[in-house]
Amino acid sequence: MKILIVGGGIGGLSAYHALRKHLSALDISSITILESHESPVRTLGGGLGLAPNGQRAIASIAPDALDHILEHSFPGSQMTFRNSSGSLLGIFSSGRKERYGYEMVMLPRAVVHEALLSGIPEQDIRWGVKVKGVQESRNQVSVEYSDGSTEMADLVIGADGVRSAVKSSLFDGKFDAKYDGLTGVGGFIDLEELPNALQESFQTNGVTMTFGRSGFFGYSMCSPLPHSQPSTIHPFIQWWSIYECPVIPDSKNLDYDAVKAQLLSRHGSWKSPYDEDGTRIYQTIIQLGCRPPKDPESTTSRHDTSVMVLPRFITPRLPSWSASSGRIVLMGDAAHTMPPDVGQGVSCAAEDAVVYALLLKHYLASSPDQALVLTAKAYEDIRKPHIHHILDVAKRNGDAKKEKGWLGEVIRDFAMKIVCKLPESLNDAVFTYDPEAEVTAYLQPKPRSRLWPL
Ligand SMILES: Cc1cc2nc3c(=O)[nH]c(=O)nc-3n(C[C@H](O)[C@H](O)[C@H](O)COP(=O)(O)OP(=O)(O)OC[C@H]3O[C@@H](n4cnc5c(N)ncnc54)[C@H](O)[C@@H]3O)c2cc1C
């Protein structure tokens, strides 16, 4: 079988590892990743929270990649919630190693990319290749490239993100992504640039999330703490702000001064216990963080300290994640755009890949003629209810970041205090998710129902 994976993001790279691990050389003649960026450097982005379930999925297909990730990340299972007056709303544990076997970590997206790229032979990934669309044709799929050329494959995996060309072909553009009115701004700052009190706070604080009437502001370490790391890793933090913005900001032609002024007007007067000598911490972070790129074309830093502006796109829930033949299958954000508000997008993309590969292995062995159809059906049966639950939680979390009147703010603060008192076990269904166990349970013969009780 010849497999083409469209998209070399975390979903596409995970799909590669999962298929290589679970299918035999007899099953696969070739797997190739097609990525529109010219090189790995251009796939860089901001910081990420990688949840215990995502680490479990990655460990099962690329254990060396997980080692690399853990070596370059900051344990971020403790969340401190504050309001814009600097008051503590509560501290919540979310993803402790003692409970889940893996701890929630914060790290640059680029580290996850480089971890997953390692181990993929150069000839199996083509950079600078943009897929325009896909079409089924006589038991194969024809992939059309932006230069007009085409290539045939037996199976195409669309892991090409929120604005997926594969999804667009599958549904004739009916479910294309739309801007959801919230925009994220953020970046990295070297730890040593920050005031001492804030630097010190990272020894005991995990991730800080602050909610105000005019939006949301978060920050955390994004590398291991100094002295707890290989000396080659320069310590730095990530920061991000999310606010409502009615028009889509033009992220490619940014007016950096306007971005800074916008952030200062929203968060500059917010208070923090780490304010010292009349210096407001949020103001300092914004002043330091709102920098234009030094040289956007040549940057190779995995924590480039320029500001990023990311309008958020969402897609409606899709009627299906695959073509009826099973020869075209969507994974990750192409199948279910995951907003950042639950920190699950990367983990879910990796889980999709593992579940799909395990099912394909099973059906290739048990029903080879029907394997692609059966795999696609089982994949959706297993993944859709779980993903829809996470999307519901993400929607609630996103609403909390929207602008509020004074009453809305009081209600939100109260709700946050309650959330911090809820048991950590609320996250168990998501953080304990084990793709292998899910597939095994699905494939187990179901007990026959009886007409009469014994
Ligand atoms: C601001 C922000 C913060 C987030 N924070 C978190 C977080 O903390 N934790 C978390 O788990 N998730 C987070 N997410 C969600 C997460 O980033 C996504 O869910 C995840 O990246 C999905 O991975 P993917 O591989 O499916 O898609 P993507 O990461 O979008 O990768 C798709 C790839 O396909 C390529 N591509 C696209 N079109 C084509 C084409 N036509 N031809 C060839 N290649 C193509 C792209 O260049 C890209 O490399 C965040 C999202 C945003 C927007």
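Residues numbered from 1 in each chain as written. Predicted model: local features only at pLDDT ≥ 70, side-chain atom pairs only at ≥ 80, totals over all residues. Heavy atoms only, no water.

### Let's talk about the overall build of the protein
And step 1. Looking only at helices and strands, the protein features 14 helices and 18 strands.
And step 2. For the protein, the spread of C-alpha atoms along the three principal axes comes to 70 × 65 × 45 Å.
And step 3. The buried share among the 454 residues of the protein stands at 53%.
And step 4. Counted over contacts in the protein with a minimum sequence separation of 6, partners at least 24 positions apart contribute 75%. (Helix = DSSP H or I, 4+ residues; strand = E, 2+ residues; numbered from the N terminus. Buried < 20%, exposed > 50% of the residue type's maximum accessible area, 1.4 Å probe, protein only. Contact = heavy atoms within 4.5 Å.)

### Focus on the environment of G8
And step 1. Along the chain, G8 falls in the loop between β1 (2–6) and α1 (10–22).
And step 2. By relative accessible area, which is 1% here, G8 ends up buried.
And step 3. Sequence-wise, G8 and L117 are 109 residues apart; in three dimensions their C-alpha atoms are separated by 9.0 Å.
And step 4. Leaving out residues up to four positions away in the same chain, G8 has contacts with L13, I33, L34, E35 and H113.

### Some words on the pattern of salt bridges
And step 1. By the definition in use, this model includes 15 salt bridges.
And step 2. Among the salt bridges present, the one from R96 reaches E424, with a minimum N-O distance of 2.9 Å. With a gap of 328 residues between them, R96 in the loop between β6 (88–93) and α4 (97–100) and E424 in the loop between α12 (406–421) and α13 (428–431) connect regions that are remote in the sequence.
And step 3. A relative accessible area of 27% places R96 in the partly exposed class.
And step 4. Given the relative accessible area of 13%, E424 is considered buried.
And step 5. Connected through shared salt-bridge partners, K2, R126 and E151 make up one network. (Salt bridge = Lys/Arg side-chain N within 4 Å of Asp/Glu carboxyl O.)

### Things to note about the UniProt feature "domain: FAD-binding" (unreviewed entry) in the protein
And step 1. Per the UniProt record, the feature "domain: FAD-binding" (unreviewed entry) sits at residues 324–392.
And step 2. Taken end to end, residues 324–392 is 64% helix and 4% strand, and its first and last C-alpha atoms sit 27 Å apart. (UniProt positions renumbered as here; feature names shortened; annotations may be inferred.)

### Comments concerning the packing of helix α10 (residues 345–366) against helix α14 (residues 435–443)
And step 1. Viewed as axis vectors pointing N to C, α10 and α14 meet at an angle of 40°, and their least axial separation amounts to 9 Å. As the angle between them shows, α10 and α14 are arranged oblique. Crossing geometry of α10 relative to α14 is assigned as right-handed. In this structure, α10 uses E351, V354, V355, L358, L359, H362 and Y363 to contact α14, whose residues at the interface are P435, E436, V439, Y442 and L443.
And step 2. Considered class by class, the residues forming the contact of α10 with α14 number nine nonpolar, one polar and two charged. (Axes fitted to C-alpha atoms, helices over the stretch in contact; angles between N-to-C directions. Parallel < 35°, antiparallel > 145°, perpendicular 65-115°, else oblique. Left-handed = near helix turned anticlockwise from the far one by under 90°. Nonpolar A, V, L, I, M, F, W, Y, C, P; charged D, E, K, R; others polar.)

### Overview of the sheet that holds strand β12 (residues 155–158)
And step 1. Spatially, the five strands line up as an open sheet ordered β8-β2-β1-β12-β18, and their pairing is parallel. The open sheet has two free edges, formed respectively by β8 (125–127) and β18 (328–330), since each of these has just one partner strand. Geometrically, the sheet is characterised by an average inter-axis angle of 20° between neighbouring strands, direction not taken into account.
And step 2. Bridge analysis of β1 against β12 gives four bridges, and the strand direction is parallel. The residue bridging L4 from the neighbouring strand is V156, located in β12.
And step 3. Those strands touched by α1 are β1, β2 (30–35), β8 and β12, and its axis lies near 175° from that of β2. (Pairing = 2+ DSSP bridges.)

### So, the sheet that holds strand β7 (residues 105–108)
And step 1. Strand order in the open sheet formed by three strands is β3-β7-β4, with antiparallel pairing between adjacent strands. A single partner strand is all that each edge strand has here, and the edge strands are β3 (47–50) and β4 (74–75).
And step 2. One ladder, built from two bridges, connects β4 with β7; its direction is antiparallel. Across the sheet, F74 pairs through a bridge with M106, a residue of β7.

### Some remarks on the pairing of strand β5 (residues 78–83)
And step 1. Most of β5 sits out of view: five of its six residues are buried.
And step 2. Bridge count between β5 and β6: five bridges; the pairing is antiparallel. Paired with F81 across the two strands is G90, which belongs to β6.
And step 3. Connecting the antiparallel pair β5 and β6 is a turn made up of four residues, with G86 showing a positive phi of about 90°.

### Side note on the nonpolar core
For soluble globular proteins, nonpolar side chains are generally found buried alongside one another.
And step 1. One finds I5, L19 and Y356 to be the most contacted residues of the largest nonpolar core, which totals 87 residues.
And step 2. Per-element accounting of this core gives the leading share, 12 residues, to α10.
And step 3. Aside from chain neighbours lying at most four places away, what touches L19 is I3, I5, I28, I31, I157, Y356, A357 and L360. (Core = buried A, V, L, I, M, F, W, Y, C linked by side-chain atoms within 4.5 Å.)

### What to know about the packing of aromatic side chains
And step 1. Under the definition given, this model contains 14 aromatic pairs.
And step 2. A ring pair is formed by F171 and F175, whose centres lie 5.2 Å apart and whose planes are at 85°; its orientation type is edge-to-face.
And step 3. Look at F216 and W240: their rings are 6.3 Å apart centre to centre, the planes differ by 45°, and that puts the pair in the tilted class. With F216 in strand β15 (residues 215–221) and W240 in strand β16 (residues 236–244), this pair connects stretches of sequence that are 24 residues apart. The pair formed by F216 and W240 is uniform in burial state, with each residue classed as buried.
And step 4. The rings of F202, F217, Y219, W239, W270 and Y282 are connected pair by pair, giving a single aromatic cluster.
And step 5. In this structure, R163 packs its charged tip against the face of F313, placed 4.2 Å from the ring centre. (Phe/Tyr/Trp six-rings, centres within 6.5 Å; stacked < 30°, edge-to-face > 60°. Lys NZ or Arg CZ within 6 Å of the ring centre and 35° of its normal.)

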